[in-house]
Amino acid sequence: MPIRMLDYYARLRRQYSVYPIEQVVIYLKETTANAVFIEQFTDTNTVHRFRSIRIWEQDPAPLLASVGLLPLAVLARTDSPESLLSQVAAQVDMIEEPSQQRNISACTQLLGGLKYDNNLIRSLLREELMQESVVYQRIIRQGITRRGVVSSHAPTSSTNWYSCSRIA
């Protein structure tokens, strides 16, 4: 990840040279691997720093306070995972705009699949909302394009991180 972040930084610097760049890696799935604790790339004449956020260590309260961050909230620190998922599901149900509700529900279910049992997710979040989501439909289209056949199982990924660079 460190050299990848340096590469992203170099690309952004070339394209947006007048803006400051802040880089963050958000690790989604709990692990004790040393890689999630690395926050810089160091070579002979180069030191490049970035932030690493391990979402499972984060307080869920700030994530619960913003509709757009609800999908990440299900992966945050908690002593009662089922209660946290239930709280997020209740907030998703209160979203008034149908398109936003579908997309937030789909993202919540997808990320929730990294931590929770599928039956628990299905019992708390409405599957039909996810199926109507543009996010879900895009995943299905990509599955059709890449494999020619859509599996009856939910998409899974071994990716444990999300990287972002913010240009101020």
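So, how was this worked out
Within any chain, residue numbers begin from 1 and follow the written order of that chain's sequence. With the structure being a predicted model, the display of local features is reserved for residues of pLDDT at least 70 and the display and counting of side-chain atom pairs for 80 or more, all residues being used for whole-chain, interface and lining totals. Excluding hydrogens and water, the side-chain figures rest on all heavy atoms present in the structure. Here, a salt bridge means any Lys or Arg side-chain nitrogen found within 4 Å of an Asp or Glu carboxyl oxygen. Going along the chain from the N terminus, every DSSP run of H or I of four or more residues is numbered as a helix, and every run of E of two or more is numbered as a strand. Throughout, exposure labels follow a simple rule: accessible area from a 1.4 Å probe, protein chains only, divided by the maximum for the residue type, with under 20% read as buried, over 50% as exposed, and the rest as partly exposed. Exposure above 30% relative accessible area and no salt bridge define the residues that can form patches, which grow by joining like charges within 9 Å and nonpolar side chains of Val, Leu, Ile, Met, Phe, Trp and Tyr within 5 Å. Using the Shrake-Rupley algorithm and a 1.4 Å probe, accessible areas are obtained, with residue cover drawn only from the displayed protein chains. The pocket and cavity definitions rest on a 1 Å grid over protein atoms only: a 1.4 Å probe that fits but cannot leave marks a cavity, an open set with protein on both sides within 12 Å along at least five of seven lines marks a pocket, and residues lining either have an atom within 4 Å of a point. Grid points are joined across faces, edges and corners, and a volume is the space filled by probe spheres set on the points. When residue character is reported, Ala, Val, Leu, Ile, Met, Phe, Trp, Tyr, Cys and Pro are called nonpolar, Asp, Glu, Lys and Arg charged, and the others, Gly included, polar.

**Q** I would appreciate a short explanation of the pattern of salt bridges in the present structure.
**A** Once the charged atoms of two side chains with opposite charge are near each other, the side chains can pair. One pass over the full model with this rule turns up three salt bridges. Close ionic contact of R11 with D7 constitutes a salt bridge, the shortest N to O distance being 2.8 Å. One end of the pair, R11, and the other, D7, are both in helix α1 (residues 2-15), four residues apart, so they sit about a helical turn from each other. Residue D7 is classed as partly exposed on the basis of its relative accessible area of 33%. The shortest N-O distance in the salt bridge between E57 and R54 comes to 3.1 Å. The exposure class assigned to R54 is buried, which follows from its relative accessible area of 13%.

**Q** Would you take a moment to explain a nonpolar patch on the surface for this structure?
**A** A cluster of nonpolar side chains, Y16, V18 and Y19, forms an exposed patch at the surface whose accessible area comes to about 300 Å². Tracing the chain through its elements places Y16 in the loop between α1 and β1 (21-27).

**Q** How should the layout of surface pockets be read in this particular structure?
**A** Using a probe with the size of a water molecule, rolled over the atoms, empty space left in the structure can be pinpointed. When its volume is computed, the second largest pocket comes out at roughly 180 Å³. As for the second largest pocket, its lining consists of I26, I53, I55, Q58, D59, P62, L63, L69 and L72. Counted by class, the lining of the second largest pocket contains seven nonpolar, one polar and one charged residues.

The values are spatial; any link to function lies outside them.
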